[in-house]
Amino acid sequence: MALIPFDPFRHLESIRRDMNRFFASDFPSLFTHMDEQHWMPRIDMHETANEYVVSCDLPGLERKEDVHIDVQNNMLTISGTIQRHHDVKEEQMHRRERFFGRFQRSITLPADAATENIRATYKNGVLDIHIPKTTTGTKKRVDIEFH
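Residues numbered from 1 in each chain as written. Predicted model: local features only at pLDDT ≥ 70, side-chain atom pairs only at ≥ 80, totals over all residues. Heavy atoms only, no water.

Some remarks on the nonpolar core
Line of reasoning, step 1. One finds L58, L76, I78, F103 and I131 to be the most contacted residues of the largest nonpolar core, which totals 19 residues.
Line of reasoning, step 2. Elements with a minimum of two residues in this core: β3 (51–57), β5 (75–82), β6 (101–108) and β8 (126–132).
Line of reasoning, step 3. In this view, L58 contacts W39, P41, V67, I78, F103, Y122, G125 and L127; residues no more than four positions away in its chain are not counted. (Core = buried A, V, L, I, M, F, W, Y, C linked by side-chain atoms within 4.5 Å. Buried < 20%, exposed > 50% of the residue type's maximum accessible area, 1.4 Å probe, protein only. Helix = DSSP H or I, 4+ residues; strand = E, 2+ residues; numbered from the N terminus. Contact = heavy atoms within 4.5 Å.)

Written out as structure tokens, the structure is:
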């Protein structure tokens, strides 16, 4: 049996791995439903050479008036209502898992997102929002006065 030097911080590595696993998988699902009246849909955001694309799962939208997209101070907010019409009486319902009611989700956009020409499409329960990038570079190199 090999001797291992005592390391008082050895157990912190397993705690760090457990915390990473918790925040990577379990944590988002805890806040998917805000309460019975509000719901936070999940989103994906990726970028291409010319734009950012935000994809939001919103199954059950029936009219475009049921969803609102607002941008203010580089904050994108998606909100609206999903209405489900039930012909089933409450006492006949065995399980209800599909969401209906109000939803809202806000995310901060990157600094180079151009909020003037945003366009959105809805197909097969997925709302895709296309946000162009600014063409002028906002990055500036600062000259240092070295003494």
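On we go from here.
Overview of the sheet that holds strand β7 (residues 119–123)
Line of reasoning, step 1. With antiparallel pairing, the 4 strands of this open sheet are ordered in space as β2-β3-β8-β7. A strand with exactly one partner marks an edge of an open sheet, and here the two such strands are β2 (43–47) and β7. Within this sheet the neighbouring strands show an average axis-to-axis angle of 15°, counted without direction. (Pairing = 2+ DSSP bridges. Axes fitted to C-alpha atoms, helices over the stretch in contact; angles between N-to-C directions.)

Quick word on the pattern of salt bridges
Line of reasoning, step 1. With the rule as written, the count across this model stands at 2 salt bridges.
Line of reasoning, step 2. Where K133 meets E47, a salt bridge forms, and the shortest distance between an N and an O atom there is 2.4 Å. One end of the pair, K133, is in the segment after β8; the other, E47, is in strand β2, and 86 residues separate them in sequence.
Line of reasoning, step 3. Using a relative accessible area of 16% as the deciding quantity, one classes K133 as buried.
Line of reasoning, step 4. Relative accessible area serves as the criterion here: at 49%, E47 is assigned to the partly exposed category. (Salt bridge = Lys/Arg side-chain N within 4 Å of Asp/Glu carboxyl O.)

Observations concerning the packing of aromatic side chains
Line of reasoning, step 1. Under the defined criterion, the tally for this structure stands at 0 aromatic pairs.
Line of reasoning, step 2. Here the guanidinium or amino end of K133 rests over the ring plane of Y52, the centre of that ring lying 5.1 Å away. (Phe/Tyr/Trp six-rings, centres within 6.5 Å; stacked < 30°, edge-to-face > 60°. Lys NZ or Arg CZ within 6 Å of the ring centre and 35° of its normal.)

A closer look at unusual backbone geometry
Line of reasoning, step 1. Residue N74 is not a glycine yet carries a positive backbone phi of 60°.
Line of reasoning, step 2. Locating N74 in the fold gives a position in the loop between β4 (67–72) and β5.
Line of reasoning, step 3. A positive phi angle, close to 55°, is found at N124, a residue other than glycine.
Line of reasoning, step 4. Mapped onto the fold, N124 is located in the loop between β7 and β8.

A closer look at the side chain of T77
Line of reasoning, step 1. Among the structural elements, T77 can be located in strand β5.
Line of reasoning, step 2. Among the polar contacts listed, one links the side chain of T77 to the side chain of S106, at a separation of 2.9 Å.
Line of reasoning, step 3. With residues up to four places along the chain from it excluded, the contact list for T77 reads H68, I69, D70, Q104, R105 and S106. (Polar contact = N/O pair within 3.5 Å; in protein donor to acceptor, adjacent residues only side chain to side chain.)

Spatial relationships are all this shows, so hold off on functional conclusions.
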